[in-house]
Amino acid sequence: MKNFSDIKKFLFPALIGVFALAFSVLVIVTISPMLMESLSSKGQLATKEKAPDFTLFDSSGRSVKLSDFAGKKLVILFWTSWNEVSLEALSALDDYARLPAANDTVFLAINSEEDKNVVTDIGRKRDIGINLLLDIDGAVGEAYRIGALPLAVFIDRGGLITKKVIGPLSANILQSIFTNLGA
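The rules behind each value
- Residues numbered from 1 in each chain as written.
- Predicted model: local features only at pLDDT ≥ 70, side-chain atom pairs only at ≥ 80, totals over all residues.
- Heavy atoms only, no water.
- Buried < 20%, exposed > 50% of the residue type's maximum accessible area, 1.4 Å probe, protein only.
- Helix = DSSP H or I, 4+ residues; strand = E, 2+ residues; numbered from the N terminus.
- Pairing = 2+ DSSP bridges.
- Right-handed = clockwise from strand over helix to strand, strands pointing away.
- Arc of directions from axis to C-beta.
- Contact = heavy atoms within 4.5 Å.
- Core = buried A, V, L, I, M, F, W, Y, C linked by side-chain atoms within 4.5 Å.
- Salt bridge = Lys/Arg side-chain N within 4 Å of Asp/Glu carboxyl O.
- Polar contact = N/O pair within 3.5 Å; in protein donor to acceptor, adjacent residues only side chain to side chain.
- Axes fitted to C-alpha atoms, helices over the stretch in contact; angles between N-to-C directions.

Teacher, can you tell me more about the pairing of strand S5 (residues 131–135) here?
Regular strands have side chains that alternate between both faces of the sheet. Most of S5 is tucked away, with four of its five residues classed as buried. Bridge count for strand S1 (residues 55–58) against S5 is two bridges, and the pairing is antiparallel. Bridge pairing links Asp58 to Leu133 in S5. Note: strand S4 (residues 105–112) against S5, five bridges, orientation parallel. Bridging across to S5, Asn111 finds its partner in Leu134. Chirality of the crossover, the property in question, places the unit of S4, helix H3 (residues 116–125) and S5 among those that are right-handed.

Next up, the structure:
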């Protein structure tokens, strides 16, 4: 009987621990996708909303306005150097932009609040060919209400936002998006 008493002393707390762990996992698995979606899209511009116009300088000092590309399809990537997923998305977008299928689309990569030298160095080291724009004060990011980086915004010929992708990009993801958008 003493052995059973000793087992009960340890069994009850162990069962409570297992139950608490299982419940925690269930809550995390159930709620975290909804929470992440809520946090990442909180206040973002909706699809089919007019893309806010902006004027920024590129890494070589030239002024670039979104309205300069009126009537063209655009992809804007908001990125930063300290986020590896952003850097991978930047490279993937640049690789895709070099494909013949992408010739009728303008690709812009807007760096979020970093120094020109950082952006220029990354462009050179990664051999980035798409236009790297500098949002030094974060005003354009605020206008687009970015919640997480990287954020890719797809804009149709009419200047409307048709799709937003938060997180990683790859050639397969980009091809799928362009196919689904009829681009």
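Even after reading the chapter, I still don't get helix H5 (residues 171–180), so can you show me in this structure?
Helical geometry note: an α-helix holds 3.6 residues per turn, so side chains three or four residues apart project in the same direction. Restricting attention to buried positions, one finds in H5 the residues Leu174, Ile177 and Phe178. Down the axis of H5, the buried side of the element spans an arc of 95°, and every buried residue falls inside it. Every exposed residue of H5 that faces more than 90 degrees away from the buried side is listed here: Asn172, Thr179 and Asn180. Contact partners of the buried residues in H5: strand S3 (73–79), helix H2 (84–97), S4, strand S6 (151–155) and strand S7 (161–166).

Could you clarify how one ought to interpret the nonpolar core in this entry?
For soluble globular proteins, nonpolar side chains are generally found buried alongside one another. By size, the foremost hydrophobic cluster in this structure holds 26 residues, and its most contacted members are Leu77, Trp79, Leu90, Phe107, Ile130, Phe154 and Leu169. Of all the elements in the fold, those that place two or more residues in this core are S3, H2, S4, H3, S5, S6 and H5. With seven residues, the top contributor of residues to this core is H2. Counting 19 residues, the second-largest nonpolar core is a separate cluster that includes Phe69, Ile76, Val106 and Val153.

Help me understand the pattern of salt bridges in this model?
One side chain can pair with another of opposite charge once the charged atoms of both are near each other. Throughout the structure, instances matching the rule amount to seven salt bridges. Between Lys73 and Asp104 there is a salt bridge whose closest N-O contact spans 3.0 Å. Note that Lys73 is positioned in strand S3 and Asp104 in the loop between H2 and S4, a separation of 31 residues in sequence. Ionic contacts of the salt-bridge type, sharing partners, join the residues Lys73, Asp104 and Arg157 into one network.

Before we go on, may I ask you to explain the side chain of Thr105 in this structure?
Mapped onto the secondary structure, Thr105 falls in strand S4. One polar contact links Thr105 to Asp104, side chain to side chain, over a distance of 3.4 Å. The residues touching Thr105, leaving out its near neighbours within four places in the chain, are Lys73, Leu74, Val75 and Phe178.

Can you help me understand the sheet that holds S7 in this one?
Ordered by their spatial adjacency, seven strands build an open sheet running S2-S1-S5-S4-S3-S6-S7, and the pairing between neighbours is mixed. Both edges of this open sheet fall to strand S2 (63–65) and S7, since each of them pairs with a single strand only. Averaged over all adjacent pairs, the angle separating strand axes in this sheet is 30°, with direction ignored. Note: S1 against S2, three bridges, orientation antiparallel. What sits directly across from Phe57, in S2, is Ser63. Sitting on the sheet, H3 is in contact with S3, S4 and S5, with an inclination near 160° to S5. Its contacts with the sheet place H5 against S3, S4, S6 and S7, and it is angled at close to 25° to S6.

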